Amino acid sequence: MIPPRSSANRSSNSFLPLRLIVLGGVLACALLAAGNVPSKEWADFLTGTAVVSSDGSTLIAAMHDRFGTSLLILLGAMILAVASGMALTLAARRIGLGLPSLLALVCRPLALLPVVALAWAAVGWIVGVKGWPIESLLPHHPAPDRDTWQLAAGREMWKWLVPCWVLALPLAAEFVVRCHECLRRWSRSPLNAALHARGVKRNRIFYQHTIALARAELLEIAQSLGFVSLGWLVFVGDVLGTPGWGAFFAAAIKNGDARGIAASVYVAGWLAAVWSLLVSIVRRVAVARTDRSHPPLDEPQPPLVPASTAALISVLLFSLLGCSFTSSNSTGAWLEPLTGLLSPLVRDLSLSAAACIAAAGSALVMLTLSFAARRLRLPLRSIDTLASSPVLVWVLAAAALLPAWRWLVFGLFIAPAGALIMRDRWRALADSGAMEASRAIGTSRFRAWRMHVMPELFRHGLAWALDAFATLLVWQTLVETLRPVAAADHLYSLGAAISRAKENVLTDVLPVLIPALIVAICALFFRLLSHIVRPASSSH
Amino acid sequence: MYLARAFIFGLPLGALALTWWSVQQARASRSVHDGEIVAMLPGAPPALNPFMPATEVDRQIVDLIHEPLIRIGADGRMQPALAERWDWSQTVTCWFAKPDDAKSAAAQLKARNAEQWITWGLESAKAEGASLVMRFSKMGGKGPDAAAEEAAAFSPLAAEVIRVELNEPIRPYHEHFATHAAQAAQLKRAWFDGANAVEIIAAGDVAKFIEELTTYYRSKTTLRPRIESLSHIAALREPVLDIALREGRRWHDGSPVMAEDVRATHAYVMSQPWQVPNRDALREVQSIETVGATRLRVFYRRESGAVLCGWIGLPILSAQWLREHPSDAEGRAFAENTPPGAGIFAVTHRDLSSLALAPTESARARVRVKRATFASGASPFQTKLGFATGEADLFWPDASDVPALQKGRDLVIRAMPPRNRLLVLWNTRSPILENVAAREALALATDRSALIAQLLGGRGRIQEGIFQPGLWFAQSFPPPVFDLSRAQSKLEEAGWIRDVEGMAKRPGQRFAFELLTIQGNAQRQKLANALAAQWKKIGADVRVTAAPPDEFLEKRLAGRQFDAAILGLDFETTWDQSAFWHSSQTTGDGLNFSGIADRQIDLLLEELRAEYDPDRVPEKAGALEDKLLALQPMLPLFTDMTRVGVRSSIFAEQTSDDSTPWNLREFVIKQPSPADSTPVTAPATHQPQPQPKRPAPKIILPEMHVPDEKTIPIPKGR
């Protein structure tokens, strides 16, 4: 779900909060235009005085409480996610015995699980299984004479903690995966080796040096996770009925309310800006300038885990296909509920493939534009800004207004990240020693490019495309859950299957989790394929 | 290093501990019910309009807050509420040319011995100006006639009932006439029949009076007056209902409940076209006099024991509140302000999403609930959530959820009392259906259980009879018989033999008829099709026709241009059924659409209508019902059934089952109070009265509130 790491994330953060606000405003105006709102109202909209909801509330009136609520949940979830992720990762590292890798293996599908299913499953577990309340869904107002400060405080805390934990769970899983990779790289740094050689204790090296060195990168991960969590907040708010920005956005999408959607996008720009500002403050305080060195290079991944996951997926798909033909056979009875999900899965995969092709094409166009702008010395920062923004939020908004073209919308919005990766790799490879040596021995420019740049660039592009495919599959599912689905409707998407199953989530959580798990496993399959394809950073 | 470790490991552990503590507190908040119940309402918040409750749930909430004079108890009998007792009596009024004549007549009566007075039931004879008012202690009897004969010796004036109708509100014109007319002294009574009509009783030189009246109204040509003399009378007999209110009853704001409140409530209700139950009975009120703080005397313009039913279930409001909140047709006054009631619960909180009630001081000992909260606007999912978390104790589930819910723990599903019914009305004068055996055959071929299951998802009760089930005078019927072979035999008995194609025929004629339903009502259309399919099995060729609402009522039913029609009717607590089945109602504005005209039934209807003794009603109602149903003028189908989910663990002793009507009032009351449990038998007199010449009072033909059905309004006020 996190856009693939690129140097842009590290190098293009200047004035990012301001750029995010402007981006949110521009996108909101584009959405207003798409919703046929007269342009003379845009100014009122951007100043917050335009009416955005059916009850006649202006943007400021409708959002000032929601903004605070959402920001608090976002901060709470991020703190819980980062702290829990770090604690788990460090505990696993301390125990050793391959536990860090095992933890990462478990966390990978969890991070790809559509958050909406996770939220419904949480509701099912909390209410249906445990019989606990969810204050945001059904507030309790006991008679004043029966209320005590402990009860009131407990209810209030529980109201905030539920959305925070639900949001934190997938964020923590993603953080564990990223943290595990990051710390593994930094622990192989020359400094670590030198300290180890000098007999410094392993714990001391880790806590005083490795973590200190990785701090900048961990903050970068946290920043991008914050942007991702903004998109997820929409679903958590919707499911848990949290009276924040997310629930407002989800309601606007469900009602097809262009003004509400545009307002939500505009506010999302501000939320993202505040988040990036907070991260930059923490970075300024916590990261010494000297620490801002580049991390050690990636090492090639052992293909065992990706290959075994791929094999698992193949078996699952094969079983589904087999069961669709032999559903009456008793041997396939245990898989019978899954066969109904095969057709939606195929449709979702097809749509994600179309979106992926659109994304590849868009990325190539953006790459060309980026190079052209560089040649003309034009400051083209919009692609960088778009890549470092809550892309899922923009996607949800655009897909709500252009439902028939959502595959193109997906492609257009995910493309900037791909363009940046390709651009950075292209530049790195063009400046590499191999190219310099080729030029020195008189190899033609095209031949040198074909020999030293193109093969690796192609693999990077392919890896990005596979990774994007995984992300698009999850997005596709999430977007579909916001569309109304009647019980009698033909099941056209795994998202619709989740939506349909949510009605009975209090009695049976599995129907919500099964489609989500299929999505997660499929997405993981493509993400791991991407890991296999991606070239290890070479000496180029 | 240690600080970093403490932060990294301490924060998630601290958050987990805080989460655990908070969830325990949140659970504890809900775990203590302590006599508190929370109900989750499916739709909009209750409007709390006491006179026009939108749903059965709304009505039952109103029933907790407001108190009528008389209510129907759990046993289906009348029980006193605000009224402590009531008695019927009657007055007879004669008018004389001079006050001296009236005084002489009164003196003549007073001169009769006490034994004669007792025989006549005469309580008083007073001269009031030029009129003699005789008061009799009981209804009926020969006393009034005998006393009137005594007074006839002093030449009382002839009186006449005159009806005037205009095209616009008549009250200002009538008041102007009554003030300024030369013959105004002859005007003795005026009764407004709606806004545009008045019935006047004039005594004296009535010809002159009518002449002046005609001249007055005809001078205003735009009014298009219609003046008609209805009847001539020698003396006016008026039934009087004496009601004594309970002492010490108070409104929720602390002020005492007075007789004036009852009078003001009646005026308030009649000032608007609200279709309150038994509105026709309330319309029969000539005037209401208050006698002291807690006694009132209601004068009726026509003799009918069933008019008492007008006070059953009619919430009484405070006169002061009614004065401060003028009525409006939409009942906005009730949405914006909550009138103080005199019921066992008072409103303690009301906003757009919730309504909280608490028992009044006086009722606290009688009820088991200390606080009742009604949360509205909850989605079905939120409702289930509320029940699962212990937040809600009562909810009204969707029909589709009921089977799953019935399997759940700590939950029982109950059904609320019916509000309306659906029936097929036969045109007994239709050439195809004129034979009773043919109609009986169709009834036998109707599988009502299947219709309920198929069309209502089980949310309906089979209904038989013409009265609201559960009332003390409504008979209990065995389950209706569905027997195709008997139906076939009956049809053959009527002369309809099935041919080789299975269609019933008789020489030169097929058993084909039209089943009329209302346009734009999908549920009714489905029902009509299902009935047609069922009747086809005995060879009936049924053509389903959907008529627009206006045409359905005014043209097709009123003109009797139908064979069979599906009708929806609200239940009303009254034993007077004359409007539907009396032969005088088959013409004009009458509602006897089926065309049934049977002298015996007419007599039974008249007798029942004039019955003042509630204890004697069941016998007469039973006789009428048996006689009427034997003629098969209609085929009762089913009633509505609103289901409610109740947490069983709260009130475990509630043992009623799904088939027994459940209501909120009985649910919250701990034990019936002595007042609530004592059925009251009002002293009654009995005298069959001739059917009034005027068409029966206007009645409502509401749509059947079939669940999930879009209601199509039918013009009311036929």
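Residues numbered from 1 in each chain as written. Chains lettered and ligands numbered in written order. Predicted model: local features only at pLDDT ≥ 70, side-chain atom pairs only at ≥ 80, totals over all residues. Heavy atoms only, no water.

So, the overall build of chain A
For clarity, the threshold we go by: Each helix is a run of H or I in the DSSP string that is no shorter than four residues. Each strand is a run of E no shorter than two, and both are numbered from the N terminus. Any pair of residues with heavy atoms lying within 4.5 Å of one another is described as a contacting pair. Surface accessibility in these figures is a Shrake-Rupley result with a 1.4 Å probe; residues are shielded only by whichever protein chains are displayed.
Counting its regular elements, chain A contains 21 helices and 0 strands. Residue pairs at least 24 apart in sequence account for 78% of intrachain contacts in chain A once pairs closer than 6 positions are excluded. By element, 66% of the accessible surface of chain A is carried by carbon and sulfur atoms, the whole surface being about 23400 Å².

A few points about the overall build of chain B
Short version of the rule: The buried label applies to any residue whose accessible area, calculated with a 1.4 Å probe on protein chains only, is under 20% of its type's maximum; exposed applies above 50%, and partly exposed to all values in between.
Secondary structure summary: chain B contains 23 helices and 28 strands in total. Out of the 718 residues in chain B, the part that is buried amounts to 56%. Surface accessibility of chain B: about 29600 Å² in total, with carbon and sulfur atoms responsible for 53%.

Digging into the sheet that holds strand β6 (residues 131–136) of chain B
Residues and elements named next belong to chain B. How we decide: The criterion for strand pairing is that DSSP finds at least two bridges linking the strands in question. For helices, the fitted line uses only the C-alpha atoms of the stretch in contact; every axis is such a line through C-alpha atoms, and the angle between N-to-C directions lies from 0 to 180 degrees.
Strand order in the open sheet made by the 6 strands is β5-β6-β4-β11-β13-β12, with antiparallel pairing throughout. Both outer strands of the open sheet, β5 (122–128) and β12 (285–291), are each paired with one neighbouring strand and no more. Within this sheet the neighbouring strands show an average axis-to-axis angle of 25 degrees, counted without direction. As paired elements, strand β4 (residues 83–95) and β6 share 6 bridges and run antiparallel to each other. Bridged to V92 within β6 is M134. Across the face of the sheet, helix α5 (residues 143–152) comes into contact with β4, β6 and β11 (236–245) while running at roughly 155 degrees to β6.

A closer look at the pattern of salt bridges
Residue and element names in this part refer to chain B. Condition: Whenever a carboxyl oxygen of Asp or Glu lies within 4 Å of a side-chain nitrogen of Lys or Arg, that contact is scored as a salt bridge.
Per the stated rule, a full pass over the model turns up 51 salt bridges over all chains. With a closest N to O distance of 3.7 Å, E284 and R301 form a salt bridge. On the criterion of sequence distance, the pair formed by E284 in the loop between α9 (279–283) and β12 and R301 in the loop between β13 (295–300) and α10 (319–324) is long-range, its members being 17 residues apart. With respect to burial, E284 and R301 carry one shared label: buried. Salt bridges here are not isolated pairs; linked through shared partners, they connect R163, E165, D193, E199, R226, R283, E284, R301 and R302.

Describing helix α1 (residues 2–31) of chain B
Here is the rule: Given a helix with a known number of residues, its expected span is that number minus one, times 1.5 Å. Given a residue, its bend is the angle between the two axes fitted to the seven residues that end at it and to the seven that start from it.
Across its 30 residues, α1(B) extends 42 Å between first and last C-alpha, which sits within 8% of the 44 Å expected from 1.5 Å per residue. Approximately 35 degrees is the largest bend angle found in α1(B), and it occurs at G10(B), with the proline P12(B) only one to four residues beyond. Every buried residue belonging to α1(B) is among I8(B), P12(B), A15(B), T19(B), S22(B), V23(B), Q25(B), A26(B), S29(B) and R30(B), and all of these are buried. Against the buried residues of α1(B) lie α4 (59–95) and α7 (149–186) of chain A.

Some words on the interface of chain A and chain B
Rules: Computed with a 1.4 Å rolling probe, the buried area is the accessible surface lost when two parts are put together, summed over both parts. Here a polar contact means two N or O atoms within 3.5 Å. Within protein one must be a hydrogen donor candidate and the other an acceptor candidate, and residues neighboring in sequence count only if both atoms are side-chain atoms.
The partner chain B presents 34 residues to the 41 residues of chain A that form the contact. In total, chain A and chain B occlude about 3400 Å² of area from one another, counting both sides; carbon and sulfur atoms represent 71% of this. If you sort the residues of chain A by the area they bury against chain B, L138(A), R146(A) and Y207(A) come out on top, with a joint share of 19%. The tally of links between chain A and chain B comes to 0 salt bridges. At the junction of chain A with chain B, the criterion picks out 2 residue pairs in polar contact (both at pLDDT 80 or more). Elements supplying a minimum of two residues to the side of chain A that touches chain B: α4, α6 (115–129), α7 and α9 (202–240) of chain A.

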